[in-house]
Every structure is written in C-alpha cells, then in structure tokens.
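Here is what each chain is made of, one letter per residue.
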Amino acid sequence: MSAAADAFAAVFGPRSGDPSRAVEHTAAELVAAVGAGTLSPAEIWSEYATLAAGDELNAYLWRAAEDPGADAAAPLAGVPLAVKDLFCTEGVPSAAASRILEGYRPPYTATVVERLAAAGAPMLGKTNMDEFAMGSSNENSAFGAVANPWDRERVPGGSSGGSAAAVAGGIAPWAIGTDTGGSIRQPAALCGIVGLKPTYGTVSRYGMIAFASSLDQAGPLTRDVTDAALLLRHMVGGDACDSTSTGHPGEIELPTAERLDGVRFGVPPELTGDGVEPGVRAVFEAALARIEELGGSVTEVPLPHSGHAISAYYVLAPAEASANLARFDGVRYGRRAAADGDLLSLYEQTREEGFGPEVKRRIMLGTYALSSGYYDAYYGRAQRVRTKIAEDFAAAFDQVDLIVCPTSPTVAFKLGERTADPLAMYLSDVLTVPMSLAGIPAISIPGGLADGLPVGIQLAGPAFAENRILDAALALERAIDFRSQAAARG
Amino acid sequence: MAEVAYEPVIGLEIHVQLKTATKMFCGCALSFGEEPNTRTCPVCLGLPGTLPVVNEQAVRYGLEIGLALGCELAPRSIFHRKNYFYPDLPKGYQVSQYDIPLARDGRLGDVRIHRVHLEEDAAKLVHAGASGRIHSAEASDVDFNRGGTPLVEIVSEPDLRDAASAAEWLRLLRATLRRLGVSDVNMEEGSLRCDANVSLRPAGSEQLGVKTELKNMNSFRFIERGIDAEIARQEGILRGGGRIEQETLHYDVRSGAISSLRSKEEAHDYRYFPEPDLVPIVPTAEMVERARAAIPELPADRAARFAGELGLAEGQARLLAFRTEVGDFYEAALAAGAGAVEAPALANWTCNDLLAALGEGADPAGSKVTPAALAGLVGMVSAKEISNSAAREVLAKLVADGGDPAAIVAAAGLGRADEGELAAVVERAMADQADAVEKVRAGNAKAIGAIVGAVMRETKGRADGGEVQRLIRERL
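Residues numbered from 1 in each chain as written. Chains lettered and ligands numbered in written order. Predicted model: local features only at pLDDT ≥ 70, side-chain atom pairs only at ≥ 80, totals over all residues. Heavy atoms only, no water.

**A closer look at the overall build of chain A**
1) Next: Secondary structure assignment for chain A yields 16 helices and eleven strands.
2) Next: For chain A, whose C-alpha radius of gyration is 21 Å, the value lies close to the compact-globule estimate of 23 Å for 490 residues.
3) Next: The C-alpha extent of chain A, read off along each of the three principal axes, is 65 × 50 × 45 Å.
4) Next: For chain A, with 490 residues in total, the buried portion stands at 63%.
5) Next: Sequence separation of at least 24 residues holds for 75% of the intrachain contacts in chain A that already meet a minimum separation of 6.
6) Next: When the accessible surface of chain A is summed, it comes to about 16000 Å², and 52% of that surface belongs to carbon and sulfur atoms.
7) Next: Within chain A, the 58 negative side-chain charges are centred at a point lying 3 Å from the centre of the 37 positive side-chain charges. (Helix = DSSP H or I, 4+ residues; strand = E, 2+ residues; numbered from the N terminus. Rg over C-alpha atoms; globule rule 2.2 N^0.38 Å. Buried < 20%, exposed > 50% of the residue type's maximum accessible area, 1.4 Å probe, protein only. Contact = heavy atoms within 4.5 Å. Areas by Shrake-Rupley, 256 points an atom, 1.4 Å probe, with all protein chains shown as cover. Lys, Arg positive; Asp, Glu negative; His and termini not counted. Charge placed at Lys NZ, Arg CZ, Asp CG, Glu CD.)

Take a look at the structure:
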C-alpha cells in the first residue's frame, strides 16, 4: 500500500490501535492526546509534514517548510491546518489557484488564518481549489485538477476541493475552505467528510480573495462533527476590518447530543425531487429513518422559490465577481502581460492570459447583468428572488427546527465528465445554493455510500443556529457511523 | 425677425476633499505632499482580500455639510460600486453613493442643492513626457497617497444663469465649507474641484436644453472664463442652426479652447450596484444632533446679520462674512471698541484700509495690528481726535511695528490741531491767499481748495478737511 493509500485507510478504514500514529486520530483526539502527553505538537507536525509532502492528489499548492513550533497549551494544541489558497497569507503564495496571481505573496494574513494560528492551529499548507472559487469540481484550477481519494478518476468537488481531498485523504488533520454557493459542503459530501458553512457574517472575510462578497463565507472541513465545532469555535468573531462581520452570539459549543427527541426536521420537496440520483436518494431516506429512530420528527416543508435559486445565483455571484476581479489588471501585482501597446492592451492581454475560461465566462455574465438597460431585468430581479428565498426559509423555520436534504444530487463524478457542459456543472450546487442566498448556516455530513462513493446529508438552520445544527449533526453522525460503513467497503 | 435671446442654465458639481485624520475606508493618514506611495496600506492599494470600513469622521463631516446646506438627511444611505478601469483606481471600481445619497434637497443662497454624497478619491497619475497627458507619455507612475481620501460631492440644481453668479455662488459654498472646518477648500491644491453643467434655452422657455459637462476648472477665474466660453460656443452652434451634443468637455486654460473628452456614445457604463462589502449608513438621532450642534454661524447668516444688525453695506458684510478670519478680526475689534466705535466705520477701516495695508489674502490675526489697536484708532477718528490722513499714517506704523495708536499719535504729534490753533492758521492762510479768497467770493467754489491746501500743509495733515472748509466759509 502506498503512503497515500495508507493515509486514506487511516481515515476511513479500521483502526490499527496504534495511538502514536497521528493520522488515525481526529483533530479533537489529537488535542486530547497532546493534553494527555501521549503526542507532542512536534510529532504531529512531523508526521503530517511527511504526509503532505507525499500528496498524490494534487491537493496542496504549497507546503510549510518548517515546524512553526506550536504551543502545546494552546486550545488547538498545535494540530496543523490546511488552508485554501483563497486566503491571503503573509509572505506565502496566495493565488486563488489563478495564473493571474501566480507567485503573488501578500503582505498580510487573513483574519481567520491569524486567529486559528493564535489558537494553536498553524498552517501546514495551502490547498488547491477552483480558480477564484468558481467551480464545483476543482477542475478549474490553473494548477491542475485534484483527485478524489475515494476514486482518483473522480473529482473531489469544488471549489474547496483541495481542502476536502486533503482531509479525506489523511494528509491534513483538518482544513478551512470557503463557501459561496456550496464550495465547502459539496466537496465535503463528495469526499465523505464534514463541511460547515456558517451564517453569513459570523466569520471575518478580511483576507479572503473575494468571489461574491455578499455570499462568501469561510468554514471548516473536518473528519467529523466534533472537529468542525472545535475549529469553527476559533474562527467566528467580529472583525473591525470587515464591516459585514457580526461574530456569533455566544460561543460555538462542542456538541454532545445522542438523541433527537423533539427536534423537528423539514424535508423540502423542491430539494429532494427530480435530479437527485437514486443512490443518493436511498442514503438520504436511510438518514431520515435514523432521524426518526433517534426521536426526531420528519415533515415536508415547502421552499417554493428554491427552484429559481441557481438562476438568481448565477446572476448575483458573477455580477459581484465582475467587480471583485476588476483589480487584477496587471498594473500593481500578479501577472502582467508583455503588452507593448497602450493601456487597454495591457488590461486585455493580462486578463486574457491570466484568467481561465470559467472565470472569463462569469466576468462576462456579471458584466452583462449589470449593464445599463439590463440591470433591473437581471440583477434587480435576482435580488428579489433572493429575498423570496430567504422568506421561504424564514417561513419554514416557523414550522421546523432544521431543514434536511441531500448536499449534492450526485456522488463524485468522473474527471472531465462535466467540463464541456457548464450548466450541468452549475447544477452540482442546486441543493446548496438556496442556503447561501439566504445567508443561513448549513452542514454536510457523510450519510453513507452509493456505489462505493460517499453521499452527503445536509442540515440547515436559521441564522446563528450553528449550535443546534452541530448537536443534531453529531447525534445523526453517531447513528450513521459512516466510518464503519466505509471500513466495511473494504 | 427679432433674434432669439438665449438663457444659459448652469449647475455645478463640486468635489470636496475632507480634512479627516484618516482616509475614507482605511486607517492611512491623509497625505500633504509626502514622498509618493508612503501613505498606503493593503486596503487603499486594493490588494486582494481587503475590505473597506467607513470612516466615521467622514460621515460626521458629510452630515454637517448636508445640514449646513439645508438638506434632508437620508435615514439610511448606501454605497455603490462605480466600475471602470483606470490605473488610478486600484480596485477597478470607485466606492461612491448612487441612488440613495447621504443628503438631498437643500439650498444655499439662491441655489438649490440636489444632493450631497460621500465617496473616495482616486490616486494620482504622473505622466512622464512633454505633454503631461497619458496618451503620449513615455511612462506613467501612480502615487496612491491620494487614493482613498474622503470626498464629498455636492451637486447643485441648474439654478444659475451666468458665469459670474456661478463663481460668486461657488465662493459662498467655499466660505461655508471653510467655516465648517471640514476641508481646506483649496482649488489650486485640488481640495475643492468644480465641474459645470451648461445648457442654453430660448429666454422664457421652461424646457432645459442639451447640456455639456465642463470638467475640473481649478480656479474661480477659469470657472468664469470656461463657462463663458462654453456659453459662447453653444450660442454659436445654435445660431448657426446646429444642435448641441451631450458630451464631456475640457477647457484649456492657456488657449481658452474647449475640446471634447468623450461624447454621449463614448460615455462609460459604470454598472453601478450596491457595495456588498459595506453596511448602510444609518445616522442615529444622536449623530444628527451632534452634527447640528457642531455647525457654527455660516457665512450667509453672518452676512445677513452684519447687514441687518450692524448696518454694514452689503458688499462689506459679504466680504467680512465670506472671509471668516477677517470677519472674526472685525468682530473682535468691535468688541474691543466696546461701543466707542461705530460698526460701519470700523467695517470701512477693516475692509478698505487694513486689508489694503496688509496685502491680498493676508490674515489680520497674523499681523502686528491687534483688534484693540484698530478699534482704538477708529475710535480716535470718530471722536475727531485725529484726522483721516493722520489715522492712515498711524495704521501704517501699526502694520509695520504694532503698538498702541494713542501712543503713536502722541509721540509723532499727530493729534488733531485744536480749534484756536486751527483758526489762527486759517486766518493766516486766507491772508496769504487773497486771490483765492476773491475768486471764491466771486462764485468760484473750487478756488477754496488752494486755501484748504495751505492749511493742510501748515498743519501737516493734523486738520480735518471738512472742518477747515467750515472755518474758511465762516470767515468769507
């Protein structure tokens, strides 16, 4: 067995029972082991530095050369962190997986990365992603696609594909990513791990290279729900550098629930119907059965406007992106084309060479949607749809505590399968985009396997209901026992 | 057929750099001629991942301007992104306000205010090459020190009808902003910039003609000349049967020529949309109250008070009110005079003699003349203790060396000649100028000048011309 296959087995296979192997532990277990003195931060770092160096998935774009010497007494005990390339990190390449920023080393570090380092989670490396977070398969990276550790012929999802693959592949204990329309939850689902998109505003966006500012939100990608809670606890908080940050009212608690008595779950027919493939549906229905076994109730709740979510999203997100990406003009940093003509040629050639096709497509979409004479018909209308979708969720949460649905309509698809069909690719996010538009928190946890590939179950709650979501997710995670299912796969 | 008379219709758009401690959306100090690119940070350089945070002081200044211009303050205003590519714009968009500005619907003097909004300034481009313009430059450098400086844009309604009134109104606006203390309002340095929208219509018509926008004229004189040139250009086109094109124009101050910067077809589509990185500005009642309390007496009100309560001539009232520092000196002198000096006389001495003696643009507070000294001097003139010409001599000494006017008068013997002394001098002069006396008696009133002149020579200007004339007439 190769080192990489061995690391993957350490995450999802039967436990060897060797407590000195860091890779066999969840991050929370590592924190406990450091506390108990059975493992040191240096040992954990050294093991993971070796694993990251042996990356066969193309999950990493950059790896730290030296052990930063984390403090064992810090809350996160030195458990190293994989960071999506979208986060700016001082002196370390931060390119958002784009040619236009190739080699760019920012003079400052994103707030959330700084906070996690201060809490004792030093950066192990920067992970691959779809260029500027635009994509659902990680195939839009300028630095090559990422392989799904479950099947290297398949995509890990995107855009946080490198972070998800690194955690699932056992070459990072945990990771952070960003979610604009599903970019944490969908790759978490396709890689069989946990991914949480927090309420918009709870985590600072300062230092995250912006895709769609009103939607972007950072969150954890972890092996299990407890790790997600632990990491998120140290990510949330208001930031004077981000006017839209609100912080989280009260602390993120480590979940403890074993049962779901009295918890009301709503199943939106719009997000569980056509387009969800049978294998995914079967896993989802099994999860509903687990919920009821644990004492939860399951009813249908409508989200009548969610059918328009993808259309609205693909107006709003590109519109914001068209402005956010205007700064990449070759004048101050990053790539500059060798244009010897006038200013316009410098702009045009730099952007022609620097951006990949999907990024160009979205800039054009967004520019068109904002153009004089079209603004109301596209941007204005999409904003109204967004409001309706938020109202749908608000009405649903009058009746239920949590929404439950699959995270992705399909399991991980083959590399290259959807690259020729942007619309099919966009539909990968059909079940995650509604929550993004509403700004509400949602988690994806592994629900089981379909054709030997992981299926994600998504739980969404009202704004700032992270603790409620994490508690329910933990109870469900225990009942599902995905690791045993994966280990039985062989 | 009688020739149609055209009426110019003019509105102004003014950009004001605010004098805040830091920039509009980051913590960098404002720049006053520092080394290029020394007052920058990741935010104002628009580096990837950075976010703007609104400067509270800029909002406060904006509210003060809105209130001072009699505007309604928006209970909730938002920022937009104005998108266009240019090297002085590091984000590829300017954060500005669009359909919901900070304040709207006000008035200053006779001109209505359309809107007042907040935005950020662009960086400064320096083009290497003979022309100083981008097209033929060998290279262009960008200095980001200015980038992100807070700006307030004030847009007037098209209520002005000629270039001179436009310049005069802009002076009132500048005085008002200066009095608020929110800006240096220096046109040469660019802290006050003015564009003019100009159109013509047949006199009596209510409908507006097609307007052109005249960009960035950097002095009152150029604004007046530029608008006049544009009015003449448009009138020429209309009289020739042509049509005015909506376009943006550049007025060349050296040649006086007007050239097109861009036509309506070439106008940018700025693709405005709400800035998602910022939250709305929602002024609390407390913020509004604080802004209101911070507004001092404004020039228009001060001028009205000077004219109404103190009985000053309108021109002097305006001069004293628009030049805050001169008005302050004047009022200090008036207080020092404590009723012993007449307000209009003191205004005459301040506006005419003192300002002339100090030189154009001087701040009297920075001179050697104290308000009390000026008041004392004017008091002595009013009490007829010294003559006007002697008083001017004293003023010249005050300007040169400072001091107390009474002491100067005593030391130099400039005190007015008393009536007994003067009568003797008059009688002597009439005896010496018998010819002139005869002529006056014969009806040639002007001949009295020779006698008066002789008296003045004799008294070295210590006599009052009016009184000398009276004494002569008594003896004729």
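Here the narrative resumes, following the displayed structure.
**Examining the sheet that holds strand β6 (residues 217–222) of chain A**
All names here are of chain A.
1) Next: Read across the open sheet, the eleven strands follow the order β1-β3-β2-β4-β6-β5-β10-β11-β9-β7-β8; overall the sheet is mixed. On the outer flanks of this sheet lie β1 (60–63) and β8 (297–300), each paired with one strand and no other. Adjacent strand axes in the sheet meet at a mean angle of 30° when their direction is disregarded.
2) Next: By the bridge criterion, two bridges tie strand β5 (residues 194–197) to β6 in an arrangement that is antiparallel. In the strand pairing of β6, Gly-195 is matched with Leu-221. (Pairing = 2+ DSSP bridges. Axes fitted to C-alpha atoms, helices over the stretch in contact; angles between N-to-C directions.)

**Things to note about the packing of aromatic side chains**
1) Next: All told, the structure shown has 24 aromatic pairs over all chains when counted by the stated rule.
2) Next: Considering the side-chain rings of A:Phe12 and A:Phe482, the 5.9 Å spacing of their centres and the 90° angle between planes classify their relative orientation as edge-to-face. One end of the pair, A:Phe12, is in helix α1 (residues 3–12); the other, A:Phe482, is in helix α16 (residues 482–489), with 470 residues separating them in the sequence. We note that A:Phe12, like A:Phe482, is buried.
3) Next: Ring pairing ties together the aromatic residues A:Tyr104, A:Phe132, A:Phe328, A:Tyr333 and A:Phe355, which thus form one cluster.
4) Next: Across the ring face of B:Phe220, the terminal group of B:Arg171 is positioned such that the distance to the ring centre comes to 4.7 Å. (Phe/Tyr/Trp six-rings, centres within 6.5 Å; stacked < 30°, edge-to-face > 60°. Lys NZ or Arg CZ within 6 Å of the ring centre and 35° of its normal.)

**Quick word on the nonpolar core**
1) Next: Core analysis: the biggest nonpolar cluster contains 266 residues, and A:Phe132, B:Leu12 and B:Ile154 have the highest contact counts within it.
2) Next: Here this core takes eleven residues from helix α9 (residues 309–324) of chain A, the largest share from any one element.
3) Next: One finds B:Ala417, B:Ala447, B:Ile448 and B:Ile451 within the second-largest nonpolar core, a separate group that totals 19 residues. (Core = buried A, V, L, I, M, F, W, Y, C linked by side-chain atoms within 4.5 Å.)

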